[in-house]
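Architecture and fold: a report
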Amino acid sequence: QVQLVESGGELVQAGGSLRLSCIASGRTFSTYVMGWFRQPPGKEREFVAAITWSGDRTYYGDSVKGRFTISRDNAKNTVYLQMISLEPEDTAVYYCAGGRMSIPGMRLPSRYDYWGQGTQVTVSS
């Protein structure tokens, strides 16, 4: 069993930056693909970024490519999401997720076994 706890969400002005963190409990964290998803108000959950268990490959949603960076520190059981050039459209609850899957499945919420409670990011214009 893995528990995930996100932090770092807050209100920020457009053009600003934030770093989200997700700390995982359990000794198997380093074997999981980790992903970030977000759910804007009134919309479906969407893929933001994912990283392989070793951290050697990363994947991004089209709307965040070039602005967001996912990374992980397996020694600290933590995955990060560095966000720059934030836009009002990035306003959402951001969720951390973990699971074991092949690369094609990384963009699909249904492939993840564990989810955090979410952290709110609000970008004002």
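Remember, predicted model here, so these are calculated numbers, not experimental data.

Rules of the game
Residues numbered from 1 in each chain as written. Predicted model: local features only at pLDDT ≥ 70, side-chain atom pairs only at ≥ 80, totals over all residues. Heavy atoms only, no water. Helix = DSSP H or I, 4+ residues; strand = E, 2+ residues; numbered from the N terminus. Salt bridge = Lys/Arg side-chain N within 4 Å of Asp/Glu carboxyl O. Core = buried A, V, L, I, M, F, W, Y, C linked by side-chain atoms within 4.5 Å. Buried < 20%, exposed > 50% of the residue type's maximum accessible area, 1.4 Å probe, protein only. Contact = heavy atoms within 4.5 Å. Pairing = 2+ DSSP bridges. Phe/Tyr/Trp six-rings, centres within 6.5 Å; stacked < 30°, edge-to-face > 60°. Lys NZ or Arg CZ within 6 Å of the ring centre and 35° of its normal.

Residues apart from glycine generally show negative phi values, whereas peptide bonds are mostly found in trans. Residue Asn-77 is not a glycine yet carries a positive backbone phi of 55 degrees. As for its placement among the helices and strands, Asn-77 is situated in the loop between β7 (68-73) and β8 (78-83).

We now examine the pattern of salt bridges. As enumerated under the stated definition, the model contains 5 salt bridges in all. Ionic pairing is found between Asp-90 and Arg-38, a salt bridge with its closest N-O pair at 2.9 Å. Here the residue Asp-90 occupies a position in the loop between β8 and β9 (92-99), and Arg-38 occupies one in strand β4 (residues 33-39), the gap between them amounting to 52 residues. Linking Arg-67 and Glu-87 is a salt bridge whose minimum nitrogen-to-oxygen distance equals 4.0 Å. Residue Arg-67 is located in the loop between β6 (58-60) and β7, and its partner Glu-87 is located in the loop between β8 and β9; the two are separated by 20 residues in the primary sequence. When salt bridges with common partners are traced through the structure, they connect Arg-38, Glu-46, Arg-67, Glu-87 and Asp-90 into a single cluster.

Moving on, we come to the nonpolar core. Counting residues in hydrophobic clusters, the biggest one holds 28 residues, and the most contacted among them are Met-34, Trp-36, Val-79, Leu-81, Met-83 and Tyr-94. Listed by contribution, the elements that provide at least two residues to this core are β3 (18-24), β4, β5 (46-51), β7, β8, β9 and β11 (119-124). No other element matches β3, which puts 4 residues into this core. Apart from the residues lying within four places of it in its own chain, the contact partners of Met-83 are Gly-16, Ser-17, Leu-18, Leu-20, Arg-67, Phe-68, Tyr-94 and Val-121. Formed by 9 residues, the second largest nonpolar core is a distinct cluster that contains Val-33, Phe-37, Phe-47 and Ala-50.

Glancing now at the pairing of β11. Only one face of β11 is covered, namely the face carrying Thr-119, Val-121 and Val-123; the face carrying Gln-120, Thr-122 and Ser-124 is uncovered. As defined by bridge partners, strand β2 (residues 11-13) adjoins β11 across 3 bridges and the pair is classed as parallel. Paired with Leu-11 across the bridge in β11 is Thr-122. Direction of pairing for β9 relative to β11: antiparallel, over a ladder of 3 bridges. The residue bridging Val-93 from the neighbouring strand is Gln-120, located in β11.

Enumeration over the complete set of coordinates arrives at 6 aromatic pairs. Consider the rings of Tyr-32 and Tyr-114, whose centres lie 5.7 Å apart with planes at 85 degrees: the pair is edge-to-face. With a gap of 82 residues between them, Tyr-32 in the loop between β3 and β4 and Tyr-114 in strand β10 (residues 114-115) connect regions that are remote in the sequence. Here Tyr-32 and Tyr-114 have matching classes, each one buried. Considering the side-chain rings of Phe-37 and Tyr-112, the 5.1 Å spacing of their centres and the 80 degrees angle between planes classify their relative orientation as edge-to-face. Placement of the pair is Phe-37 in strand β4 and Tyr-112 in the loop between β9 and β10, with a sequence separation of 75 residues. Clustering of aromatic rings is evident, with ring pairs tying together Phe-37, Phe-47, Tyr-95, Tyr-112 and Trp-115. Taking the ring centre of Trp-115 as reference, the NZ or CZ of Arg-45 above it sits at 4.8 Å. Lying across the ring of Phe-29, Arg-72 places its NZ or CZ 4.6 Å from the centre.

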